[in-house]
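Each chain, letter by letter, is given below.
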Amino acid sequence: MLVNLNDVLVRAQKEKYAVGLFNTTDTDMLQAVIAAAEELNSPVVIGTAEVLLPYGELKLLAPSVIAAAKRAKVPVVVHYDHGLTFERCMEALHLGFSSVMFDGSTKEYAQNIAETREIVKIAHAFGATVEGEIGHVGQASSGDNLAEDMYTTVEEAVRYSEDTGVDALAVSIGTAHGVYKSKPKLNLERLAMIRKAVKAPLVLHGGSGLTEEDFKNTIREGIAKVNIFTDLLLAGKRAMREGLDENLDYLDIRNRKTDYICQAVKEKIRIFGSENKA
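Please read all numbers here as calculations on a predicted model, not as lab measurements.

**A short note on the overall build of the protein**
No. 1: Along its length, the protein carries 10 helices and nine strands.
No. 2: With the C-alpha coordinates aligned to their principal axes, the bounding extent of the protein is approximately 55 × 40 × 35 Å.
No. 3: Here the contacts in the protein between residues at least 6 apart in sequence split such that 73% fall between residues at least 24 apart.
No. 4: Surface summary for the protein: the accessible area is close to 12,100 Å², and the carbon and sulfur share equals 52%.
No. 5: Charged side chains in the protein number 32 positive and 39 negative. The centres of these two groups are separated by 4 Å.

And the structure:
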């Protein structure tokens, strides 16, 4: 069934588990994520991000993703991740996405607040939810996940949440997008302080590559949604490499890829504690 973030994250926050967001750029990945969620009876968040649109255009993906969410036996949020422009966020809402993230984290604070608040107002009129971000979740390849001055402060989180009215808040506590070259330094104490001060469910970006212990620690301290993408790409890449080495045909490689991605999603669902929470 198609739902929004409030339908799944409020309970996750209360019961101290997390719901995974698994970005999908094609129907192979979509099939894998839905299958994993249904098999483990878990709520799930699926969608795409603005930086991924060159690999799967929004108008092409939206009908399949939304239809799959409506057919699913479990709650599925269709989320537009890291929307960088007002126009693309509006397009996602008009196409039927039940949630959007507006990422104005690199903009001046006043501009970020004004634009986010406007998107919240419009999204709520659609019955959709909005995720915002304060702090900076950078790229693992650049090493900026180690810069303490980019971590979200408690004061920033409280002020931003109150000024925008977002339904979920992504915070920076030491994670980064992409493949880690060194072990990330997670500030769990900062996370716990933010959790106590902010009502909105908290989101962890840059989840791929963290250890099971890392995930469980961040969920214990208040994370209710974890974003995963790179681990799915790595699973699919492994399947394709094996298939080519074994001289399989295209369709057999495709099925192996879908299976490997499904297994990767199930592994995360179990770690996040959302199994049988649908």
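Next, the rest of the story.
**What to know about the pattern of salt bridges**
No. 1: Taken as a whole and judged by the stated rule, the model has 18 salt bridges.
No. 2: One salt bridge connects Glu15 with Arg11, and the closest N-O pair in it is separated by 3.1 Å. Here the residue Glu15 and the residue Arg11 both occupy positions in helix 1 (residues 5-15), the gap between them amounting to four residues, near one helical turn.

**Brief notes about the environment of Gln31**
No. 1: Topologically, Gln31 is positioned in helix 2 (residues 27-39).
No. 2: Sequence-wise, Gln31 and Tyr151 are 120 residues apart; in three dimensions their C-alpha atoms are separated by 35 Å.

**Things to note about the environment of Arg254**
No. 1: Structurally, Arg254 is set in helix 10 (residues 250-272).
No. 2: In this structure Arg254 comes out as buried when scored by relative accessible area, which is 18%.

**Some words on the nonpolar core**
No. 1: Formed by 72 residues in total, the largest nonpolar core has its most connected members in Phe22, Ile46 and Phe272.
No. 2: Of all the elements, helix 10 adds the most residues to this core, at eight residues.
No. 3: Among the nonpolar cores identified, the runner-up in size contains 15 residues, and Leu9, Ala168, Ala170 and Val203 belong to it.

**Let's talk about the packing of aromatic side chains**
Aromatic ring pairs are defined here through the distance separating the ring centres and the angle between the ring planes.
No. 1: Scanning all chains against the criterion turns up two aromatic pairs.
No. 2: Their ring planes at 85 degrees and their centres at 6.1 Å tell us that Tyr80 and Phe97 sit as a pair that is edge-to-face. Of the two residues, Tyr80 sits in strand 4 (residues 76-83) while Phe97 sits in the loop between helix 4 (86-95) and strand 5 (99-102), which places them 17 residues apart along the sequence. Accessibility assignment for this pair places Tyr80 and Phe97 in one class, buried.
No. 3: Ring centres 5.1 Å apart and planes at 70 degrees place the aromatic pair Phe215 and Phe272 in the edge-to-face group. Separated by 57 residues along the polypeptide, Phe215 in helix 8 (residues 212-220) and Phe272 in helix 10 bring together distant segments of the chain.

Definitions and limits used
- Residues numbered from 1 in each chain as written.
- Predicted model: local features only at pLDDT ≥ 70, side-chain atom pairs only at ≥ 80, totals over all residues.
- Heavy atoms only, no water.
- Helix = DSSP H or I, 4+ residues; strand = E, 2+ residues; numbered from the N terminus.
- Contact = heavy atoms within 4.5 Å.
- Areas by Shrake-Rupley, 256 points an atom, 1.4 Å probe, with all protein chains shown as cover.
- Lys, Arg positive; Asp, Glu negative; His and termini not counted.
- Charge placed at Lys NZ, Arg CZ, Asp CG, Glu CD.
- Salt bridge = Lys/Arg side-chain N within 4 Å of Asp/Glu carboxyl O.
- Buried < 20%, exposed > 50% of the residue type's maximum accessible area, 1.4 Å probe, protein only.
- Core = buried A, V, L, I, M, F, W, Y, C linked by side-chain atoms within 4.5 Å.
- Phe/Tyr/Trp six-rings, centres within 6.5 Å; stacked < 30°, edge-to-face > 60°.

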